[in-house]
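One letter stands for each residue in the lines below.
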Amino acid sequence: MAFPWYGITMSWSRVGSNISSGVDILVMVLYFLLVLGIGLWTILSSSRGTVEEFFLAGRNLAWWQIGASLFASNIGTSHFMGLAGTAATSGIAVGAFEWNAPFLLCVVGWIFSPIYIKAGVVTMPEYLRKRFGGYRIQFLLAIMYLFLYIFNNISVEICTGAIFMRMILGLDVYLTTIVLLTITGIYTITGGFATVVYTDTLHAGIMVLGSVLLMVFAFKEVGGYQELLKHYLNTKPSIIHEGNWTAKPECYLPRLDSFHIFRDPITGDFPWPGIIFGISITSLYYWCTNQIFVQRCLAGKNMSHVKVGCVLCGYLKLLPMFSIVMPGMISRILYPEEVACVVPSDCEKHCGTRASCSPIAYPVLVVELLPSGVRGLMLSALSASLMSSLTSIFNSASTLFTMDIYTQIRPMATEKELMVTGRFFVIILIVVTLFWVPIIETTHSEQLFEYTQAVLSSLVPPIAAIFLLAMFCKRVTEQGAFWGLTGGLLIGFLRMVSMFVFGPQSCSANNKCPLIICRMHYLYFAIFLFIVSLFTMLGISLFTDPIPDRHLLRLCWSLRNSQEERIDLDAEIQRKRSRPTFQAQPDIFKESQGCLWKVCIIFCGLEPKPDPKLAPEMATVEKMEHGATSDGTEHRDMWEGTKRSDPAESPCWRKVANTSGFLLILTTVLCHIFYY
């Protein structure tokens, strides 16, 4: 999820002036070449000519690929800047966002993923179409996902990533953005989901290694964990007044509860009810219903690989508290004048913004503490976090547009047409991202903070509510789900617009924004909106006819093990889409294709490769058999996620997965108890 990084204007260049080592540049160049090499290898070695292969990597991901890709897709530059910057001013409570993830990762691995896989879906809106029937929920949710990806995820990552590179390297924002988008675009457009996952695995390793190395250098510089406990609460800037103006103590002194996660429900900046319930609601959307992360679970070899992959990501999510949050607090101790500045003119001198310089906590550590070579590795890790986030967003957004929106525009689209459409949509997203850069450059820091939090707390809870009820409450109907989702989103939009109108909040300035709009903590509002959406869906559903169980088999938790044949609510839609598609003499077209066209087809993977497990003759026979069923089977599989039969878990691997999940939950609970 996105965190308050408070953004920085593009005029800041102090840190960038310190980077001049050719070794660092060489390390970064070698890393980019390695990424391109892995991407090219995946492109040439994998088949990407079908919906399942391009969007789900052939449903053949191993547990280590799932876990690493989940982690890499989650950790972006906004995490490095946001977690460390917030920790510098507020302490360890922001780490609760990370430590909440293991619980929800177990939920998605053990509860949600089995249902999604048995439903045979490719996207999350497609699941709701099967669960409730009709188009309108599927279409509305697809639009909302794309809105969140473009106006929240992409803008946040590009903002923090470009700012980070400008701070440290002094690079032009456009140049940085174009280079990174070119690298990510090449293998995302041509390689599909398989390439994204393989490069994510590399990115995850580099991010963990780089952040752990910086953590070691930071703790060594401050004198160890006990010195952090001793000095953090007493660290403040030397300049706290300007003319007749003097900053309030709460604006420059660390909180007394800085080393506690659970804080006062009224006066706490992260109140404990919000930590327990508010974060869990947003995390329910983030890990269990977000296309970016669920897509990785849908692509697993079997449920054992999915579960162990979620556990691996859960263990990795325990690290940021120590590798990002606490180094941010150490940065305040080592560089209080810059990181903890409170006088507007002083902050503007250090980082170019008059509000706060806390976001520079992590960049300052990278520049000041790391030696040449290691600094280049850390910069590669930061680039990796940006690239992994962007590629994941691009691939998942193209999946949503292709399977949930374009198929409604062209119900009879062929599979190859969908492949081309998915690739072109990635190009469109890249162009949109480039247009975001000048807008972000002129955005003030306070607006960036409010922008991110308003979007998350206002739009996420209704989505979490509809999936929770769809999974666990058979009584919820399409009418109740649609109007509850629509009503919740309208309430959220009203609050979001109101917050933009009244402007951002700050420690030193008074604001006349009404209490119910701006002074209500965003985690509390998430709880409120979730409850309202939940009861609206239930209430309206009670006044409508229930959906018969024969339409819900293996779509709800209580009916997950049913062996009866399900009659889909969208069966009529599928029949219309299962008409024979035009398979016009491929050999004739092949003869008229030039060499350049053939190279393009092969590079983009539009020509499916035969299964390597089959002999060439068998592959030909299988292809003929599929072609003979053009009256419905092949095309129907394309729309329904190919309805693979999930291989049964072996008893041994089931025990390994369950034991690992239990140990993860136990470890996470103990961590919360230690820092309660």
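Everything numeric here is computed off the predicted structure, so don't read it as measured data.

Enquirer: Looking at this model, I keep getting lost on the overall build of the protein chain. Mind explaining?
Expert: Within the protein chain one finds 30 helices and 2 strands. Across the 676 residues in the protein chain, those meeting the buried criterion constitute 60%. Long-range pairs, those at least 24 residues apart, make up 84% of the contacts in the protein chain between residues at least 6 apart in sequence.

Enquirer: What am I meant to see in the packing of helix α7 (residues 124-132) against helix α8 (residues 136-169) here?
Expert: Helix-helix packing: each pair is described by the crossing angle between the helix axes and the interaxial distance. One can describe the packing of α7 onto α8 by two numbers: an axis separation of 8 Å at closest approach and a directional angle of 160°. The pairing of α7 with α8 is recorded here as roughly antiparallel in orientation. Read as a crossing pair, α7 and α8 show a hand that is right-handed. Residue-level inspection shows Met124, Pro125, Glu126, Leu128, Arg129 and Phe132 of α7 in contact with α8, the latter providing Ile137, Gln138, Leu141, Ala142 and Tyr145. Of the residues assigned to the contact of α7 with α8, the class counts are 8 nonpolar, 1 polar and 2 charged.

Enquirer: Help me out: how do you make sense of the state of the cysteines in this one?
Expert: Cysteine pairs can be linked by a disulfide, which is a covalent bond between their two sulfur atoms. Enumeration over the complete set of coordinates arrives at 1 disulfide. The partner cysteine of Cys341 in its disulfide is Cys347, sulfur to sulfur 2.2 Å. On the sign convention where negative means left-handed, the S-S torsion of about 120° between Cys341 and Cys347 marks this disulfide as right-handed. For the pair Cys341 and Cys347, one class covers both residues: buried. Distance from the sulfur of Cys288, which forms no disulfide, to the nearest cysteine sulfur (Cys310) is 8.8 Å. For Cys288, a relative accessible area of 0% corresponds to the buried category. With no disulfide of its own, Cys310 lies 3.9 Å from the sulfur of Cys297, the closest cysteine sulfur.

Enquirer: Would you mind going over the packing of helix α13 (residues 291-298) against helix α19 (residues 374-409) with me for this structure?
Expert: The N-to-C vectors of α13 and α19 enclose an angle of 85°; their axes lie 9 Å apart at closest approach. Between α13 and α19, the angle falls in the class roughly perpendicular. The segment α13 lies against α19, with Gln291, Ile292, Gln295 and Arg296 engaging Ser392, Ile393, Asn395, Ser396, Thr399 and Leu400. Its residues assigned to classes, the contact of α13 with α19 shows 3 nonpolar, 6 polar and 1 charged.

Enquirer: Is there a simple way to think about α8 in this case?
Expert: Turn by turn, an α-helix covers 3.6 residues, leaving residues three or four places apart pointing in a common direction. Here α8 spans 47 Å end to end across 34 residues, near enough to the 50 Å set by a 1.5 Å rise per residue. Along α8, the helix axis deviates most sharply at Tyr149, where the bend reaches about 35°. With respect to burial, α8 is a largely interior element, 27 of its 34 residues being buried.

Enquirer: For this particular structure, what's the right way to read unusual backbone geometry?
Expert: Here Ala57, not a glycine, exhibits a phi torsion of approximately 55°, which is positive. With respect to the helices and strands, the residue Ala57 is situated in the loop between α2 (51-56) and α3 (63-74). Residue Ala57 is classed as buried on the basis of its relative accessible area, which comes to 15%. Despite not being glycine, Arg59 shows a phi value in the positive range, around 50°. In this structure, Arg59 sits in the loop between α2 and α3. The class for Arg59 is buried, based on a relative accessible area of 6%.

Enquirer: Mind showing me how you'd approach the packing of aromatic side chains here?
Expert: The description of an aromatic ring pair uses the distance of the two centres, along with the angle that the planes make with each other. Here the structure, examined in full by the defined rule, presents 25 aromatic pairs. Both rings, one in Phe54 and one in Phe55, keep their centres 4.9 Å apart while their planes meet at 80°; by these two values the pair is edge-to-face. We note that Phe54, like Phe55, is buried. With a centroid separation of 6.4 Å and 50° between ring planes, the pair formed by Phe472 and Trp557 is classed as tilted. Here Phe472 is found in helix α21 (residues 445-472), whereas its partner Trp557 is found in the loop between α24 (522-542) and α25 (571-577), with 85 residues between them in sequence. Overall, Trp557 belongs to the partly exposed group, its relative accessible area being 25%.

Enquirer: What's the story with the pattern of salt bridges in this structure? I'm lost.
Expert: A side chain of one charge can pair with a side chain of the opposite charge if their charged atoms are brought near each other. Tallying each qualifying case throughout the model produces 14 salt bridges. Across the salt bridge formed by Glu98 and Lys317, the nearest N and O atoms sit 2.4 Å from each other. Remark: Lys317 occurs in the loop between α14 (303-316) and α15 (320-334) and Glu98 occurs in helix α5 (residues 96-99); sequence separation between them is 219 residues. We note that Glu98, like Lys317, is buried. Note that Arg136 and Glu478 form a salt bridge whose closest N and O atoms lie 2.6 Å from each other. Here Arg136, found in helix α8, pairs with Glu478, found in helix α22 (residues 478-502); they are 342 residues apart in sequence, far enough to count as distant. Linked through salt bridges whose partners overlap, the residues forming this network are Arg255, Asp257, Arg263 and Asp269.

Enquirer: Is there a simple way to explain α19 in this structure?
Expert: Counted at 1.5 Å a residue, the expected span for α19 with its 36 residues is 52 Å, and the 51 Å between its end C-alpha atoms agrees. In α19, a bend of some 35° at Thr402 exceeds every other bend along the element. α19 sits mainly inside the fold: 33 of its 36 residues count as buried.

Cut-offs and rules
Residues numbered from 1 in each chain as written. Predicted model: local features only at pLDDT ≥ 70, side-chain atom pairs only at ≥ 80, totals over all residues. Heavy atoms only, no water. Helix = DSSP H or I, 4+ residues; strand = E, 2+ residues; numbered from the N terminus. Buried < 20%, exposed > 50% of the residue type's maximum accessible area, 1.4 Å probe, protein only. Contact = heavy atoms within 4.5 Å. Axes fitted to C-alpha atoms, helices over the stretch in contact; angles between N-to-C directions. Parallel < 35°, antiparallel > 145°, perpendicular 65-115°, else oblique. Left-handed = near helix turned anticlockwise from the far one by under 90°. Nonpolar A, V, L, I, M, F, W, Y, C, P; charged D, E, K, R; others polar. Disulfide = S-S within 2.5 Å. Expected span 1.5 Å × (residues − 1). Bend = angle between axes of the 7 residues up to and from the residue. Phe/Tyr/Trp six-rings, centres within 6.5 Å; stacked < 30°, edge-to-face > 60°. Salt bridge = Lys/Arg side-chain N within 4 Å of Asp/Glu carboxyl O.

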